[in-house]
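# Architecture and fold: a report
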Amino acid sequence: MSGPAAGTAHAATTTDVVCLGESMVTFLPSQPGRLADVPSFGRGIGGAESNVACALAAAGHRAAWVGRVGADGFGDHLVETIAGYGVDTSAVRRDPDRPTGIYFRTATDRGTGAHEVAYYRAGSAASAMSPANVPYEELFAGRILHLSGITAALSADCLALLRELTAPRPGRPLVSFDVNHRPRLWRDGDAGVLLELARRCDLVFVGEDEAEEAWGIVGAEAIRAALPEPSVVVVKRGSAGATVFASGRRPGPRSSNAGGADIGSRPAHVGGAEAGESAAQAARGDTVTVVPALRVDVVAAVGAGDAFAAGFLSATLRGLPVRDRVRHGHLMAAAVLTVPGDLTEPPARDHADRLVALDDGAWGRLRLGPGWTAADRAHEEVRTP
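Each value, and the rule that gives it
Residues numbered from 1 in each chain as written. Predicted model: local features only at pLDDT ≥ 70, side-chain atom pairs only at ≥ 80, totals over all residues. Heavy atoms only, no water. Salt bridge = Lys/Arg side-chain N within 4 Å of Asp/Glu carboxyl O. Helix = DSSP H or I, 4+ residues; strand = E, 2+ residues; numbered from the N terminus. Buried < 20%, exposed > 50% of the residue type's maximum accessible area, 1.4 Å probe, protein only. Pairing = 2+ DSSP bridges. Axes fitted to C-alpha atoms, helices over the stretch in contact; angles between N-to-C directions. Phe/Tyr/Trp six-rings, centres within 6.5 Å; stacked < 30°, edge-to-face > 60°. Lys NZ or Arg CZ within 6 Å of the ring centre and 35° of its normal. Parallel < 35°, antiparallel > 145°, perpendicular 65-115°, else oblique. Left-handed = near helix turned anticlockwise from the far one by under 90°. Contact = heavy atoms within 4.5 Å. 1 Å grid on protein atoms, 1.4 Å probe; cavity = no way out; pocket = protein on both sides within 12 Å on 5 of 7 lines; lining within 4 Å. Points joined across faces, edges and corners; volume = space filled by probe spheres on them. Nonpolar A, V, L, I, M, F, W, Y, C, P; charged D, E, K, R; others polar.

### Things to note about the pattern of salt bridges
Taken as a whole and judged by the stated rule, the model has 19 salt bridges. The shortest N-O distance in the salt bridge between arginine 367 and aspartate 297 comes to 2.9 Å. Highlighted residues: arginine 367 in strand β16 (residues 367-368) and aspartate 297 in the loop between β15 (295-296) and α10 (304-317), separated in sequence by 70 residues. In this structure arginine 367 comes out as partly exposed when scored by relative accessible area, which is 28%. Counted as one network, the salt bridges with shared partners bring together Asp16, Arg62 and Arg143.

### As for the sheet that holds strand β14 (residues 287-291)
The strands making up a sheet associate through backbone hydrogen bonding, with each pair oriented either parallel or antiparallel. Taken in spatial order, the eight strands of this open sheet run β4-β1-β9-β10-β11-β12-β13-β14, and their pairing is mixed. Looking along the sheet, the strands with just one partner apiece sit at the ends: β4 (63-66) and β14. Across this sheet, the average inter-strand angle for adjacent strands is 15°, counted without regard to direction. Both strand β1 (residues 15-20) and strand β9 (residues 142-148) contribute to a ladder of four bridges, which runs parallel. Its bridge partner lying in β9, valine 18 is registered against leucine 145.

### Some thoughts on the packing of aromatic side chains
Per the stated rule, a full pass over the model turns up eight aromatic pairs. Ring-pair connections join several aromatic residues into one group, and the members of that group are Phe27, Phe41, Phe74, Phe104 and Tyr120. Between the NZ or CZ atom of arginine 121 and the centre of the ring of tyrosine 119, over which it lies, the distance is 4.8 Å.

### Structural notes on the sheet that holds strand β7 (residues 102-105)
Reading across the sheet, the four strands line up as β3-β2-β7-β8 and stay open at both edges, with mixed pairing between neighbours. Two strands bound the open sheet, and with one partner strand each, they are β3 (41-46) and β8 (117-120). Each neighbouring strand pair of the sheet contributes to a mean axis angle of 20°, computed without reference to strand direction. Sheet topology places β7 next to β8; four bridges connect them, and they run antiparallel. Residue pairing for β8: isoleucine 102 is matched across the bridge by tyrosine 120.

### Some words on the packing of helix α11 (residues 322-337) against helix α12 (residues 349-356)
Any two packed helices are characterised by how steeply their axes cross, that is the angle between the axes, and by the distance between the axes. Following both chains from N to C, one finds α11 and α12 inclined at 120°, their axes separated by 10 Å at the closest point. For the element pair α11 / α12, the angle class is oblique. In this structure, the crossing between α11 and α12 has a hand that is right-handed. Between α11, through Arg323, Asp324, Arg327, His328 and Leu331, and α12, the contact on the second element is made entirely by Ala352, Asp353, Leu355 and Val356.

### Let's talk about empty space enclosed by the protein
The tally for this structure, following the rule as stated, stands at two cavities of 30 Å³ or more. If you trace the largest cavity, you find 14 residues lining it, with Ala55, Ala307, Val336, Leu343 and Thr344 closest to the centre. Those elements that place two or more of their residues in the lining of the largest cavity are α1 (48-58), α10 and α11. Tallied by class, the residues present in the lining of the largest cavity amount to nine nonpolar, three polar and two charged. The wall of the second largest cavity is formed by Val66, Gly67, Arg68, Arg93, Met129, Asn133, Val134 and Pro135. Of the residues assigned to the lining of the second largest cavity, the class counts are four nonpolar, two polar and two charged.

### Structural notes on the packing of α10 against α11
Two elements in contact, α10 and α11, have axes whose closest approach is 7 Å; the angle formed by their N-to-C orientations is 145°. Considering the relative orientation of α10 and α11, their crossing is right-handed. Residue-level contacts link Ala304, Ala307, Phe308, Ala310, Gly311, Phe312, Ala315 and Thr316 of α10 to Asp324, Arg325, Val326, His328, Gly329, His330, Met332, Ala333, Val336 and Leu337 of α11. A per-class count over the contact of α10 with α11 returns eleven nonpolar, five polar and two charged.

### Regarding α1
Helical geometry: 3.6 residues make up each α-helical turn, so side chains three or four residues apart lie on a common side. Here α1 lies mainly inside the structure; ten of its eleven residues are buried. All buried positions along α1 are accounted for by Ala48, Glu49, Ser50, Asn51, Val52, Ala53, Cys54, Ala55, Leu56 and Ala57. Positive backbone phi, at 100°, marks glycine 60, one or two positions downstream of α1.

Below you can see the structure in the form of structure tokens.
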């Protein structure tokens, strides 16, 4: 199949979110230290898009992961583990000639100079994904299609695939795109292509730091100016929280029995909303919402961005206001930050909803540490610093 057939997106919707991308077997260190010194590793899984799918499924949504793995034991492990989270993996393809990617990492924060990652993904099965070999019918069967910039960096064929999937077409599901700039993957390429892809999507997640590193664009306002087309742009600002620009120009994901979600609606300014809008924002019809980050006792700073995206998408599917979408993103991220791996059980929905409903003062006093998701009353997490 060389591309999506006309009308494919109108197939009966049975899935909330479809995530496409590479997942790898990840080897987690048994102790801190250089890779050269770590004596042993535990096996896990890692992959931005499959992480999002697993988190959404654990939160009670119908999620599917589409990818390509080798016809090997590591491929078996990936598919079985991801399916174990309740994710539909029926559209995953097996490659008889290329291996499943793997990687090793240290226990240190990804943002520090001491962090090491050793990837063994060149020529992987996932890098062979192309417009000619993906199951378009399954990709367009959900209310949301979630992609990431990591896929674009894997090969020329993968980049061509993302260009195909982000191309405008009638009936296209809402396309969510996490920029996920990984400098190591762009050593021989132009990360500016990520800006091109992001501009073709409906909902974009991008960190202030990665926008500056990949595109030389500084600040949330400048990022929005460079991304005028998406109806929603979520700018992640680290410990400062997140700023969301929502224009209301496009409809949200197609409705299902669970009810629609209008991602482009203009919510009322609620707690944390920025006071005043620039002339450019007004011209776009933007509503700007700023939500502070939570204070978290971090165990391992990996997988948090994927969890944030999953929390935001989960709340989007539920039709919640923008502020609540961001708060659910922060809570999902906090769940992952307080465990060693990329994935964990999210807080129960009613528990998360109670925390999200806190007033600004109580939200600002939250401090979350290991084990917080098991608490059954919101006040158990409210601690003085």
